[in-house]
Structures are given as structure tokens and as C-alpha cells.
Amino acid sequence: MAQAHPNISDNRPVIRQLDDAAINRIAAGEVVERPASAVKELVENAIDAGATRIAIDIADGGKTLIRVTDDGCGISADDLPLALSRHATSKIDGSDLLNIHTFGFRGEALPSLGAVGRLTITSRVPGADAAQIHVAGGKMEAVKPAALRAGTVVELRDLFFATPARLKFMRTDRAEAQAITDTVKRLAMAEPAITFTLRDVSGGGEGRVTFRADRENGDLFDALHARLARVIGREFAENALQIDATREGIRLYGYAALPTYSRGAAVAQYLFVNGRPVRDKMLTGALRAAYFDFLSRDRHPAAALFIDCDPTLVDVNVHPAKSEVRFRDPGVARGLIVSALRHALAEAGHRASSTVANATLGAMRPEPALPAQPAPARVYQMDRPSPAARQASYRAQAPGFAELSQDYSGSIVEPTPVAPVAEETPVADLPLGAARGQVHENYIIAQTADGMVIVDQHAAHERLVYEKLKTQMAENGVAAQALLIPEIVELSEGDCARLMAVVDDLSRLGLTLEPFGGGAIAVRETPAILGEVDARAMILDILDELADQGESQTVQARIEAILSRVACHGSVRSGRRMRAEEMNALLREMEATPHSGQCNHGRPTYVELKLSDIERLFGRS
């Protein structure tokens, strides 16, 4: 029996004009996804009004109450009804939709909120009396006098009461409140000159302040640094590098954390375009690419980056919530992020995150004296090579090491650095100090002017060798091996065109491709360092990255993975006893080599402990 087609009916559909209430509810579905969306729209309106203090009160995760109070310019009594009309705005005149200098410009937020909730606006402009207007479920009441000193108070109650089905999709009060907090924090990062206060008034009363950021003073970077310390955390601020670069009319500034201050998820990545918080795939891909050589795939960088440019260079009207943007020339913005971050990371040299030292000190708490109930002794475990394995390692590494089989590590009486050091700079005053000994045949102990440094000799030397190999490859290029019989890979015409757009970049990495008719391509050369490769699998991986991020790191990642393995095998082994001059030479080379503060996987190569912290461990402070 033939099955009826669901889209074929005997009744001809009739086109109808929807009424304003239905139109506003549909618009609200696009603009106001959840309570955090409403908070975002109202706070952005307050910022556009020139407010210097913004207070946000919420109840039950914003479901029953959202109140935003600001000290901005206000709305006159005559303009209040117009403010609740769709596509009515004071921010643009409609003649140029690209030259936008404000957060809002569509005139949809307030009427959309009034269509799905109970909205009350109280406002006062200088030199006039305050006025109030109320709208519930799209039904507007008349304007009436009110009492207000200055600015505007927007109160939204019972969000989605007019569309009960939307309430079923709301998450718990706690989850919605957390989403609101995240939204306010993102807005606060971009506006350090504004005081933000977020208060939870669930249950009535004064409630409790869940977030507060007072106005920051100073120049752009001082104020931004202080605000980021308040919002993201002081540890981020202490381990962040200042970014400031300009290219072709686009300026990038902000702070990016050291690779050793990485996160397990992309939860500390904040991107802004002309002050607007965005979640843009191209920008996050550029951020990831900048740290590509310093972090393993399961670690994510932390950064707060701001892009400022002429509004005509970026289109912000491509997403209902304006959370995505489209650059006229995305390659310039992406290249600026990658080059500026890599330059800053290179200038950081051997610097490593201070959180490593804090974690070390936290693990070295002194045992309590005469406790009432003795706690069980802590169990320390350390993977150490057996005596037989150490002797075999000594014999394999250099003649003479087999005789050093006593059960102790190297010690130094008078360090004699190999690298020449200026007479006015004592070795102990250099950043990584002077080597004083070696413990467990793997860790170098160095004394600095104000503390000590513990270096993982294998991880440190591995990074140094890796940087040398990369430099040699950059200078000499990537050697390619020609395939005796080119491998033909069948693709769709779209995928083939996407691949051909980056064929020159792939060729520089030793992967030579040519079109072979239709959607097919011929792989003629592959990077020699990779040995035998599955060309088809590599091509498909490249296409996946191009579709997802707009660029591909597959070939480079495989080449650098080989270099990393070569560096690992060519570096100083754990278990090797080093001489004084070798240890000091390693320290001096670390000081001179960029990125030597972390190994090839983003882990630290050394830990620095300040003398004041060490004395505090022994109660001497």
C-alpha cells in the first residue's frame, strides 16, 4: 500500500499575516533563549546608555525576577511607548547597518521581553520627572508618573509566563543563575570603567551579592589587568602576558596566559570584538593555533583578547543573539592573533607559571607537632631506575659513567659555568641561578639570588633539542619524498576546491597535491620525515579541520610530533649523573631559549621556590 506523503494534502495552505503579539513571541524565541539572554540584552542597553554603575538583581535563576538598575541617560516619558515597539531604536537611523558603534541596534529586545514576560520600565532623564510603563504578554499599559532619582530601572518578572512551553526547557535555578553570572562577568571584562553588582534576591530581602566588580582606574592595560584579576582570578593575572599588536586597521590587545597555566577545557577563553563578547569559531581556532606547539590536545589555553577595528570591517548582524561576527577579511584577524600570541610567548623566554610553585609549596606542608590523634604517614612514591638499569644507562651514555655506581647523586662545591658570564653578573644572580647539585639522577638543584630552582633535566633538554630541530627545519625547509606511483584520492568537488585553496601551504610542509580531474586529487609527494603515510587518511583529516576551523594543522602536527620524538630520544636521559659544567650549561641554554619553561606537552621544566616561601615552611617568617 502506498504511504501518504506528509507534505501533500488536499487542503491548500493559506498565507496569513500574524498579529503583533505572535510576531513578538517568535522574535523572543530568537533573542531570549534563557534568563541569561535577557540579562545580556538589558545590561548592554545600560552600557549603551552611558551608565557607570549597573546593578543586576535576580530571583530563582532569573525565572521570576530580573531587575537591572543603571545611572545612564534615561528614557523620556514620551519615548517609553516607542521603546516597547519593534524595530524602534535610538542607536541607528537605518541608513547604514555596517557602521554600528553600540551593542544594540535592532530594537527587538524590550518588545520581545514584554511579549513573553511582565516588563516594567521606570526611567528619568535630566531635567524631567520620572515615568513608568508596564507591559505584560504584549499588552501595554499607559505611561504613569513614578519616583526615581536618575537613570533607568528595568524589571522583568515571570519570564515566559506567556509561553509556558518554554519554561519546560529551562534548567535548574542554580544552572540558570550560573549562566547569568558568566554573562555578567564577560560584559564586565570589556568595561573596566563600570561598576557591576550581581545580587541573588531569591526568597526576598536584600539577598546576597554573588559577583561585584568595582570601577578600575589607570590606563587601559592597568585597568584591564585589575578587572581580569577580579573576574578570572589573580592566578591568571599573575601568569598572563600582555598582548598589543596592530595589523591593517585591526588592533588586538589583552592578556594571554603562559602555556604552563593551561586548562582541561576551553572554559577560560574570552574573546571580544569592538567590546562585544563573542563565541566565534574562527577566533577560537586562531587562539588554539597560536598555542599549537606548546600544549597537548587535551589542554586548552587561557586568554582574554580584545579586537578593535572600524565597524565597517566586521559584520555583527549575522546571529540573532549577536554572539558571532563575520570579518571582511578573516585571514587578517586570524593571522594577527596567531602572530601576536606567538611573539609574546617567545618573548616570555623560559618563564613558567607561578601556580606550579604554589602547588609544590602546598604539597610541602610541615607535619603538625604532637597531634592529638596522629594522622597516617603520607606515602611518597617515585619511579626511580633500579641500580642495574642505572649502570646500563651509564654504560650506554658515555664512558666512565659505569664507575659512578655509588648510591648518591652528583654534588657541586664550586660551580664553574661553561658559558661566559659577565663579571658584573654573578652566576647565582642569573634567572635560573647556579647549579648546586643533582638528586635522583634527574633533578638539578640550583641556587638563585632569592630562592632555589628545581629543574627536570630530561624535560628541559628535550625542549631545547626540539627548538633546535624546529629552527633547522625552518631554515632548510621540509624535505619531501616523491611517491613512485602517485596516490589518487576521490573527493567531492567542494572538498577538492577547499583543498586546492591551501595547496601552497601544504606544499611548504612537503605535501604536494595536484588536481586529477573532477573531484579527484593526486598526492605526488609527502613529508620525508613521516616515512610511509596513509595519504588518503591524512587528506581526509585535513579536510575535516578545514571544514571545522577554516585551516589545518594536520601535516604540521605530524611533522612536529616526529621532531618531538626525535628530541626525546636525543636529550639527556633520566638517570644520568651530570657534571657541574653540564648542569650550568643547561641552565644558561634554558635562559637563552624561548619556550624552555615548558616541555613539548605543556608541562613545566622547572619549579622556582622563593626563599621567603621556604622559610615560611619552617616557621621562620
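Here's what I pulled together on the structure shown here.

## With respect to the overall build of the chain
Step number 1: Along its length, the chain carries 19 helices and 23 strands.
Step number 2: Burial statistics for the chain: of 621 residues in total, 47% are counted as buried.
Step number 3: For the chain, the computed accessible surface area is about 31,900 Å², with 51% contributed by carbon and sulfur atoms.

## Concerning the side chain of Arg463
Step number 1: You can see Arg463 is positioned in helix H13 (residues 457–476).
Step number 2: The buried category is assigned to Arg463, whose relative accessible area is 0%.
Step number 3: One polar contact links the side chain of Arg463 to the main-chain carbonyl oxygen of His595, over a distance of 3.5 Å.
Step number 4: Sequence-distant contacts of Arg463, defined by excluding residues within four places in its chain, comprise Asp293, Phe294, Lys470, His595, Ser596, Gln598, Cys599 and Asn600.

## Looking at the pairing of strand S2 (residues 65–70)
Step number 1: With 5 of its 6 residues buried, S2 lies for the most part within the structure.
Step number 2: Note that strand S1 (residues 53–59) and S2 share 6 bridges and pair antiparallel. Residue Asp57 lies in a different strand from S2, and its bridge partner there is Arg67.
Step number 3: Taking the residues that link successive antiparallel strands as the turn, the S1-S2 hairpin has 5 residues, and the phi of Asp60 there is positive, at about 55°.
Step number 4: Relative to strand S7 (residues 151–157), S2 runs antiparallel, the two sharing 6 bridges. Within S7, the residue paired with Thr69 across the bridge is Val153.

## What about the side chain of Ser123?
Step number 1: Checked against the element boundaries, Ser123 lands in strand S3 (residues 118–124).
Step number 2: Owing to a relative accessible area of 1%, Ser123 belongs among the buried residues under this scheme.
Step number 3: Of the polar contacts made by the side chain of Ser123, one reaches the side chain of Thr152; its length is 2.8 Å.
Step number 4: Filtering out sequence-adjacent residues up to four positions away, Ser123 remains in contact with Gly74, Ile75, Ala130, Ala131, Leu148, Gly151 and Thr152.

## Brief notes about the nonpolar core
Step number 1: Of all hydrophobic cores here, the largest spans 60 residues; its most connected members are Val43, Ile54, Ile56, Leu119, Phe196 and Phe236.
Step number 2: Look past the residues within four positions of Ile56 in its chain and what remains in contact with it is Val39, Val43, Arg67, Val68, Val184, Thr197, Leu198 and Arg199.

Reading the values: the criteria
Residues numbered from 1 in each chain as written. Predicted model: local features only at pLDDT ≥ 70, side-chain atom pairs only at ≥ 80, totals over all residues. Heavy atoms only, no water. Helix = DSSP H or I, 4+ residues; strand = E, 2+ residues; numbered from the N terminus. Buried < 20%, exposed > 50% of the residue type's maximum accessible area, 1.4 Å probe, protein only. Areas by Shrake-Rupley, 256 points an atom, 1.4 Å probe, with all protein chains shown as cover. Polar contact = N/O pair within 3.5 Å; in protein donor to acceptor, adjacent residues only side chain to side chain. Contact = heavy atoms within 4.5 Å. Pairing = 2+ DSSP bridges. Core = buried A, V, L, I, M, F, W, Y, C linked by side-chain atoms within 4.5 Å.

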